[in-house]
Amino acid sequence: MLRRFWSKCLVQSLLSLMLCDALPAAEQPNIVLIYVDDLGYGDLGCTGGGAVSTPNIDRLADEGCRFTDGHSAAATCTPSRYALLTGEYAWRRKGTGIATGDAASIIAADRVTLASILRRAGYRSAVVGKWHLGLGTADLDWNRPISPGPLDLGFDESFIIPATGDRVPCVYVEGRQVVGLDPADPIQVSFSGPIGAEPTGLQNPELLKLQWEHGHNATIVNGISRIGFMSGGHKARWVDEDMADVLTARAQKFIEQHVSSHHQQPFFLFFSTHDVHVPRVPHPRFAGRSALGARGDVLEQLDWSVGQLLKTLEQHQLSRNTLVILTSDNGPVLNDGYRDEAAERNGKHRPSGPFRGGKYSAFEGGTRVPMLVRWPARIPPRSTSDALICQVDFLATFAALTGESLPQGCGPDSRNLLPALLLEDRHGRAHLVQQAGALSVRQGRWKLIESSKGPALNRQVNIETGNLGQVQLYDLTADPGETRNLAATEPTQVAELQQLLDQIRNGSDNDR
Ligand code: NG6
Ligand code: CA
């Protein structure tokens, strides 16, 4: 009896091993996740109207698959990144809205993350670039070792911008230390009021090389005023013009060192760019290169960074078995608080492509972002897929890819979309919740945006929020631009989707 039981177990485990797509450790791909900031669906050569030149990024599409219905989990940064790393929709957790520069670490150190699950599978991981998920504890002292942070969430190396390019502190943090920290010039940071006697954008506009338009009028660093106040750390402060170079070189160094010292292991590089977020201050070699002004220039700078990484992979014969994903944390914005003429010089370019809204918006432009996936060993070149996929799924998908199972309760919203990634499945998720103030739910051709307080227009950035005091229903197949609200004529659909959203909200949707 017992023997029969065990042999049944053995057969079942062998079967499940054969059925799942997991690869033997030696063949597991390296993973490079290029996470762009505020890149819109239509911002690329391969998706846009030709106003921007992005040959290196286009190469990813050419040599891999372009997903046309890929999403960030939210229409702003912190909640999207939270969902990406934890596999949980951010709206389930308080304190996951856009983080200040002095926010404590938002993800608890004992959580399973994308990096920690890959560590279990034998990967070495690095995060290079924007973090924006809080660091340390509420009383963090920037002059001492910083903990918890990425190193406590599964990453072996980290070189980060703590929050955003437009928020203090304007310093890089490597591992647990501010880079270039000078004990004689300690760093202090405040988001509640001025600190020290440094000039601010509000009081000293004559010191600015880039004027602020809304927000962004506190401490001046490198001639640009920021959100929040800082004092000290003068030698440690970054130079915005050099940021793409610094981050790209650091990411390349991780790959190079990995190849020379850890080549038996696969690696995971989370390359999280500052481009194309504000302040948009390109290196002089990119300034003025595009017809779109600073925003176009930093798009070209971004493309250069991607090209550098692809070159490094190539030099080490890593291209074939490296899964490269390029995507964005939310949709695009033109005027996000500095007078860099992004709106004035945009011309006919449509950063959100055919979609309505952009960053901050519940319309598709808020979360429908570029999603390019290249893995020559497994994904055919020049392919496209309309499968519905979300970054919240990367956790379960990477776990499946590497043969790891997610511990009970981890990544509750993450779905294994490996078959969709490998183009074996053309549908992807059964449903998706999008976050942008109001929640929306997608299922099949339908999208419901919940009724909310509004306002309908974010005047500062001139983007429709999609937040209205009434429910909205769109048929995305017939009307991808969300121009016709069918809620009044399709009450059955509205009821069904509202019920689905309620079920997902209380965790009783049973599609796993
Ligand atoms: C907003 C900022 C915006 C940007 C955004 C975060 C103002 C008025 N606006 O609060 O400039 O920093 O936060 O962007 O301060 S994100 O891509 O990191 O979510
Ligand atoms: Ca962003």
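Residues numbered from 1 in each chain as written. Chains lettered and ligands numbered in written order. Predicted model: local features only at pLDDT ≥ 70, side-chain atom pairs only at ≥ 80, totals over all residues. Heavy atoms only, no water.

A short note on the nonpolar core
For step 1, the next point in the chain: Counting 101 residues, the largest nonpolar core has Phe 268 and Leu 269 as the members making the most contacts within it.
For step 2, the next point in the chain: Lining this core are residues from two domains, each supplying at least three of them: domain 1 (26-181 + 237-421) and domain 2 (188-231).
For step 3, the next point in the chain: Those residues in contact with Leu 269 that lie beyond four places of it in its chain are Ile 31, Val 32, Leu 33, Ala 126, Val 128, Ala 251, Phe 254, Ile 255 and Leu 309.
For step 4, the next point in the chain: With 20 residues, the next largest nonpolar core counts Leu 388, Val 392, Leu 473 and Leu 497 among its residues. (Core = buried A, V, L, I, M, F, W, Y, C linked by side-chain atoms within 4.5 Å. Buried < 20%, exposed > 50% of the residue type's maximum accessible area, 1.4 Å probe, protein only. Domains from an automatic or database assignment. Contact = heavy atoms within 4.5 Å.)

What about the coordination of the calcium ion (ligand 2)?
For step 1, the next point in the chain: Here the calcium ion (ligand 2) is held by Asp 37 (OD), Asp 38 (OD), Asp 329 (OD), Asp 329 (OD) and Asn 330 (OD1), and the distances to it run 2.2 to 2.7 Å.
For step 2, the next point in the chain: Coordination at the calcium ion (ligand 2) is irregular, judged from the 6 donor atoms that bind it and the angles of 51 to 173 degrees they form at the metal.
For step 3, the next point in the chain: Sequence positions of the residues that donate to the calcium ion (ligand 2) give the spacing D-D-x290-D-N. On the criterion of sequence distance, the pair formed by Asp 37 in the loop between β1 (30-36) and α2 (55-62) and Asn 330 in the loop between β12 (322-328) and β13 (371-374) is long-range, its members being 293 residues apart. (Donors = N, O, S within 2.8 Å, 3.2 Å for Na, K, Ca; no water. Tetrahedral: all angles 85-135°; square planar, octahedral: opposite > 155°, others 65-115°. Helix = DSSP H or I, 4+ residues; strand = E, 2+ residues; numbered from the N terminus.)

Here we look at the domain arrangement of the protein chain
For step 1, the next point in the chain: One can read the domain layout of the protein chain as domain 1 (26-181 + 237-421), domain 2 (188-231) and domain 3 (432-505).
For step 2, the next point in the chain: Spacing between the C-alpha centres of domain 1 and domain 3 amounts to 27 Å.
For step 3, the next point in the chain: Contacts between the two partners involve 29 residues from domain 1, matched on the other side by 27 residues from domain 3.
For step 4, the next point in the chain: Area buried by domain 1 at its contact with domain 3 is led by Trp 91, Arg 356 and Ala 362, which between them contribute 30% of it.
For step 5, the next point in the chain: Taken together, the links from domain 1 to domain 3 amount to 4 salt bridges. (Buried area = accessible area lost by both parts, 1.4 Å probe. Salt bridge = Lys/Arg side-chain N within 4 Å of Asp/Glu carboxyl O.)

Some thoughts on empty space enclosed by the protein
For step 1, the next point in the chain: Inspection of every chain in the model, using the stated rule, returns 3 cavities of 30 Å³ or more.
For step 2, the next point in the chain: There is about 100 Å³ of room inside the largest cavity.
For step 3, the next point in the chain: Lining the largest cavity are 14 residues, and of these Met 243, Ala 244, His 274, Asp 275 and Gln 301 sit closest to its centre.
For step 4, the next point in the chain: Mapped onto the lining of the largest cavity, the elements with two or more residues apiece are α5 (243-261) and α6 (294-315).
For step 5, the next point in the chain: If one sorts the elements of the lining of the largest cavity by residue count, α5 sits on top with 4 residues.
For step 6, the next point in the chain: Of the residues in the lining of the largest cavity, the class split is 7 nonpolar, 5 polar and 2 charged. (1 Å grid on protein atoms, 1.4 Å probe; cavity = no way out; pocket = protein on both sides within 12 Å on 5 of 7 lines; lining within 4 Å. Points joined across faces, edges and corners; volume = space filled by probe spheres on them. Nonpolar A, V, L, I, M, F, W, Y, C, P; charged D, E, K, R; others polar.)

Observations regarding the pattern of salt bridges
For step 1, the next point in the chain: For the structure shown, the criterion picks out 38 salt bridges.
For step 2, the next point in the chain: Arg 81 is paired through a salt bridge with Asp 37; the nearest N and O atoms lie 4.0 Å apart. In this pair, Arg 81 is assigned in helix α3 (residues 77-86) and Asp 37 in the loop between β1 and α2, connecting sequence segments 44 residues apart. The pair Arg 81 / Asp 37 is uniform in exposure class, with both members buried.
For step 3, the next point in the chain: Across the pair Arg 368 and Glu 364 runs a salt bridge whose closest N-O atoms are separated by 2.9 Å.

Considering the sheet that holds strand β17 (residues 446-449)
For step 1, the next point in the chain: In space, the 4 strands of this open sheet follow the order β15-β16-β17-β20, with antiparallel pairing throughout. Only two strands of the sheet have a single partner each, and these edge strands are β15 (432-436) and β20 (472-475). Adjacent strand axes in the sheet meet at a mean angle of 20 degrees when their direction is disregarded.
For step 2, the next point in the chain: Where strand β16 (residues 438-443) meets β17, 4 bridges bridge the pair, whose relative direction is antiparallel. Bridging across to β17, Ser 440 finds its partner in Ile 449.
For step 3, the next point in the chain: Of the strands in this sheet, β15, β16, β17 and β20 are in contact with helix α9 (residues 491-505), which crosses β16 at around 110 degrees. (Pairing = 2+ DSSP bridges. Axes fitted to C-alpha atoms, helices over the stretch in contact; angles between N-to-C directions.)

Considering the pairing of strand β4 (residues 157-161)
For step 1, the next point in the chain: With respect to burial, β4 is a largely interior element, 5 of its 5 residues being buried.
For step 2, the next point in the chain: Residues Glu 157, Phe 159 and Ile 161 line one face of β4 and the alternating positions Ser 158 and Ile 160 line the opposite face, and both faces are buried.
For step 3, the next point in the chain: For strand β3 (residues 124-130) and β4, the ladder comprises 5 bridges, and the chain directions are parallel. From the neighbouring strand, Val 127 faces β4, where its bridge partner is Ser 158.
For step 4, the next point in the chain: Of the pairings in the sheet, the one linking β4 to strand β5 (residues 173-174) comprises 2 bridges and is antiparallel in character. Bridge assignment links Phe 159 to a residue of β5, and that residue is Glu 174.

What to know about the pairing of β20
For step 1, the next point in the chain: Going residue by residue along β20, you find Gln 472 and Tyr 474 tucked away on one face and Leu 473 and Asp 475 tucked away on the opposite face as well.
For step 2, the next point in the chain: Where β17 lies against β20, 4 bridges are found, and the strand directions are antiparallel. Bridge pairing in β20 links Trp 446 to Asp 475.

Some words on the side chain of His 71
For step 1, the next point in the chain: Position of His 71 relative to the elements: it lies in strand β2 (residues 65-71).
For step 2, the next point in the chain: Within the structure, His 71 has its side chain in polar contact with the side chain of Thr 367 (distance 2.8 Å).
For step 3, the next point in the chain: Discounting chain neighbours no more than four positions away, the residues touching His 71 are Glu 364, Thr 367, Arg 368, Val 369, Met 371, Leu 388, Ile 389, Cys 390, Gln 391, Leu 432, Gln 434 and Arg 442. (Polar contact = N/O pair within 3.5 Å; in protein donor to acceptor, adjacent residues only side chain to side chain.)

Some thoughts on the site of ligand 1
For step 1, the next point in the chain: Close to ligand 1 lie 19 residues; Cys 77, Asp 166, Arg 167, Asp 336 and Lys 359 are nearest.
For step 2, the next point in the chain: With respect to ligand 1, the side chain of Asp 38 contributes an N or O atom lying 3.2 Å from an oxygen atom.
For step 3, the next point in the chain: Summarising the interface, the protein chains cover 87% of the accessible area of ligand 1, which totals 450 Å² for the free molecule.
For step 4, the next point in the chain: Here the shell around ligand 1 is built from residues that sort into 4 nonpolar, 8 polar and 7 charged.
For step 5, the next point in the chain: Counting residues domain by domain, the shell around ligand 1 receives three or more from each of domain 1 (26-181 + 237-421) and domain 2 (188-231). (Near = heavy atom within 4 Å. Areas by Shrake-Rupley, 256 points an atom, 1.4 Å probe, with all protein chains shown as cover.)

Overview of the layout of surface pockets
For step 1, the next point in the chain: When its volume is computed, the largest pocket comes out at roughly 340 Å³.
For step 2, the next point in the chain: Lining the largest pocket are 20 residues, with Leu 334, Ser 352, Gly 357, Asn 462 and Ile 463 sitting closest to its centre.
For step 3, the next point in the chain: The class makeup of the residues in the lining of the largest pocket is 9 nonpolar, 8 polar and 3 charged.
For step 4, the next point in the chain: Counting only domains with at least three residues in the lining of the largest pocket, you end up with domain 1 (26-181 + 237-421) and domain 3 (432-505).
For step 5, the next point in the chain: Its volume calculated, the second largest pocket comes out at about 290 Å³.
For step 6, the next point in the chain: Contributing to the lining of the second largest pocket are 14 residues, with Asp 69, Asp 386, Arg 442, Gly 444 and Thr 477 lying nearest its centre.
For step 7, the next point in the chain: Contributing elements (two or more residues each) for the lining of the second largest pocket: β2 and β14 (383-390).
For step 8, the next point in the chain: By residue class, the composition of the lining of the second largest pocket is 4 nonpolar, 4 polar and 6 charged.
For step 9, the next point in the chain: Counting residues domain by domain, the lining of the second largest pocket receives three or more from each of domain 1 (26-181 + 237-421) and domain 3 (432-505).

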